Amino acid sequence: MAWWRFAPLLVVAGSTFFVVGGLATTGFTPRLLDPGSFLEFASGWLQMLSFVAAAVFAVLAVLNSRRAQS
């Protein structure tokens, strides 16, 4: 079994740190809640959704490689 097949799980850890860190930061959270400034609002949500999507796709890549291996 090759250890590098699980390297995408580092993406899951990194994405989780960015999402939790962003939500814990007092300067970033109001951007997600106040649509008054549309560019900050949209970019904040786009950033959060991209980290979540990266984590989901990384998990799917690992699961798919395990399924293809067996």
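Data block above holds the structure.
Remember, predicted model here, so these are calculated numbers, not experimental data.

Chemist: Would you take a moment to explain the environment of Gly14 for this structure?
Modeler: Looking at the element boundaries, Gly14 is found in helix 1 (residues 8-24). Spatially, the C-alpha atom of Gly14 lies 17 Å from that of Trp45, the residues being 31 residues apart in sequence.

Chemist: Explain a nonpolar patch on the surface here, please?
Modeler: Residues Leu9, Val52, Val56, Phe57, Val59, Leu60 and Leu63 make up a contiguous nonpolar surface patch of about 600 Å² in total accessible area. Looking at the nonpolar patch element by element, the count peaks at 6 residues for helix 3 (residues 38-69). Within the secondary structure layout, Val52 lies in helix 3. Judged by its relative accessible area of 43%, Val52 is partly exposed.

Chemist: What exactly am I supposed to notice about the nonpolar core here?
Modeler: General note: in soluble globular proteins, nonpolar side chains tend to be found buried as a group. With 5 residues, the main nonpolar core is built from Val19, Phe28, Leu32, Met48 and Phe51. Setting aside residues no more than four positions away along its own chain, Leu32 makes contact with Leu23, Phe41, Gly44, Trp45 and Met48.

About the cut-offs
Residues numbered from 1 in each chain as written. Predicted model: local features only at pLDDT ≥ 70, side-chain atom pairs only at ≥ 80, totals over all residues. Heavy atoms only, no water. Helix = DSSP H or I, 4+ residues; strand = E, 2+ residues; numbered from the N terminus. Patch = residues over 30% accessible without salt bridge, like charges linked within 9 Å, V, L, I, M, F, W, Y side chains within 5 Å. Areas by Shrake-Rupley, 256 points an atom, 1.4 Å probe, with all protein chains shown as cover. Salt bridge = Lys/Arg side-chain N within 4 Å of Asp/Glu carboxyl O. Buried < 20%, exposed > 50% of the residue type's maximum accessible area, 1.4 Å probe, protein only. Core = buried A, V, L, I, M, F, W, Y, C linked by side-chain atoms within 4.5 Å. Contact = heavy atoms within 4.5 Å.

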